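Breakdown of the fold
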Amino acid sequence: MSGLDFTVYKGSKEGKVIKSQSHKDNLRPDEVVLKITHAGLCGTDEHYRSTDMVLGHEGVGIVQQVGANVDTFRVGDRAGWGYLHDACLHCDQCLSGNEIHCTERAMYGIADKDQGAFASHAIWKASFLFHIPDAISSEEAAPLMCAGATVFNALVMGNVCPTDRVGVLGVGGLGHLAIQFASKMGCEVVVFSGTDSKREEAKKLGASEFYATKGLKQLEIGRPVDYLLVTTSSQPDWNVFTPVVAQRGTIFPLSVSDDDLVVPYMGIVSRGIRIQGCICPSRGVHVKMLRFAAFHGIKPLIQQFPMNVEGIEEAMTKLGKGQVRYRAVLVAQE
């Protein structure tokens, strides 16, 4: 490859989505060229909307060209990627299979700002791409690259068992996938949402119990949950939700928030509750997530928009107003 010019959609200081061009001089031996077909829209993309960088990190496409040393992908394969683009591969974290925590990690919003999922093409290291199983369509695969991978990672990190009660706070982009994954793992899934409006949908997705929580200062749910996955767009009232977690249970705060984490101190200490940080998984867990989703038929509920300036801005506007059920997917128009 002598050089590749491709279309990208970037954020800007004014918060407007801008169509632009990016360029790669050559294809390195360990890289792959992807023609992007679908891209998921994540709440994190909203955070970078006012930054001069290419947006999007839930990408799926078709391999168009492979580097000289790549033997894991062939032209025509479907592939996807998520938050992580690269890592050093020789530090303690990388050598233990935890490259997402590599101190030299290249991640969305921090590195490779000249390319992303909102684009016509991308060039990534083959070792940080994932094969899309035949049982998963490309439009359904895109939201799994971040949202699905993140909630699955929490369940794996917590060593969740089929005998556990898993609480899911929020029925949205992450929450509706967390319900499905936990349910297919054989768990009792206890769902908390502001109102009753999503009750029936949550039950169809696999919820065992559903509690509408708006305005309540105390929750009565019977047996407490062993794990609580917090998937809301902002932090909840911890004084309401900490008491529903079992002794020695675990809370996974998966919401993106710039606010400090302020929790009932003695409620955590005296009951041995763990608060566990968790982001997207390393590659090994990501691969298992895709296999699990394919085998169990786990699929995001999506709304599709054209991948152009108007389509991206419409999707972002609807996401900001809470009008997306439950994951927006941008579809290439070329």
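The name an unreviewed UniProt entry gives the protein is Enoyl reductase (ER) domain-containing protein, with Paxillus rubicundulus Ve08.2h10 as the organism. In its Sequence similarities (unreviewed entry) section, UniProt records this for the protein: "Belongs to the zinc-containing alcohol dehydrogenase family." Reading the Cofactor (unreviewed entry) entry of the UniProt record for the protein gives the comment "Zn(2+)".

Approximately 1,300 Å³ is the volume found for the largest pocket. Around the largest pocket, the lining is made up of 48 residues, and of these L174, T231, T232, S233 and S255 lie nearest the centre. When contributions to the lining of the largest pocket are tallied by element, the ones reaching two or more residues are α1 (43-47), β11 (188-193), α7 (238-241), α10 (309-320) and β17 (327-331). Ranked by residues supplied to the lining of the largest pocket, first place goes to α1 with four residues. Here the lining of the largest pocket is composed, by residue class, of 22 nonpolar, 20 polar and six charged. The residue makeup of the lining of the largest pocket includes at least three contributed by each of domain 1 (4-143 + 300-331) and domain 2 (149-275). Taken as a whole, the second largest pocket spans an internal volume of roughly 240 Å³. Around the second largest pocket, the lining is made up of 13 residues, and of these K24, R28, E31, D112 and I123 lie nearest the centre. Listed by contribution, the elements that provide at least two residues to the lining of the second largest pocket are β6 (84-86) and β8 (121-125). Residue contributions to the lining of the second largest pocket peak at three residues, all from β8. For the lining of the second largest pocket, the per-class residue count stands at two nonpolar, three polar and eight charged.

Where helix α4 (residues 147-157) contacts helix α9 (residues 283-296), the axes come no closer than 9 Å and their chain directions differ by 105°. Viewed along their axes, α4 and α9 adopt a mutual orientation that is roughly perpendicular. Where α4 approaches α9, its residues G148, A149, F152, N153 and V156 are matched on the opposing element by V285, H286, K288, M289 and F292. Tallied by class, the residues present in the contact of α4 with α9 amount to six nonpolar, three polar and one charged.

Definitions and limits used
- Residues numbered from 1 in each chain as written.
- Predicted model: local features only at pLDDT ≥ 70, side-chain atom pairs only at ≥ 80, totals over all residues.
- Heavy atoms only, no water.
- UniProt positions renumbered as here; feature names shortened; annotations may be inferred.
- 1 Å grid on protein atoms, 1.4 Å probe; cavity = no way out; pocket = protein on both sides within 12 Å on 5 of 7 lines; lining within 4 Å.
- Points joined across faces, edges and corners; volume = space filled by probe spheres on them.
- Helix = DSSP H or I, 4+ residues; strand = E, 2+ residues; numbered from the N terminus.
- Nonpolar A, V, L, I, M, F, W, Y, C, P; charged D, E, K, R; others polar.
- Domains from an automatic or database assignment.
- Axes fitted to C-alpha atoms, helices over the stretch in contact; angles between N-to-C directions.
- Parallel < 35°, antiparallel > 145°, perpendicular 65-115°, else oblique.
- Contact = heavy atoms within 4.5 Å.

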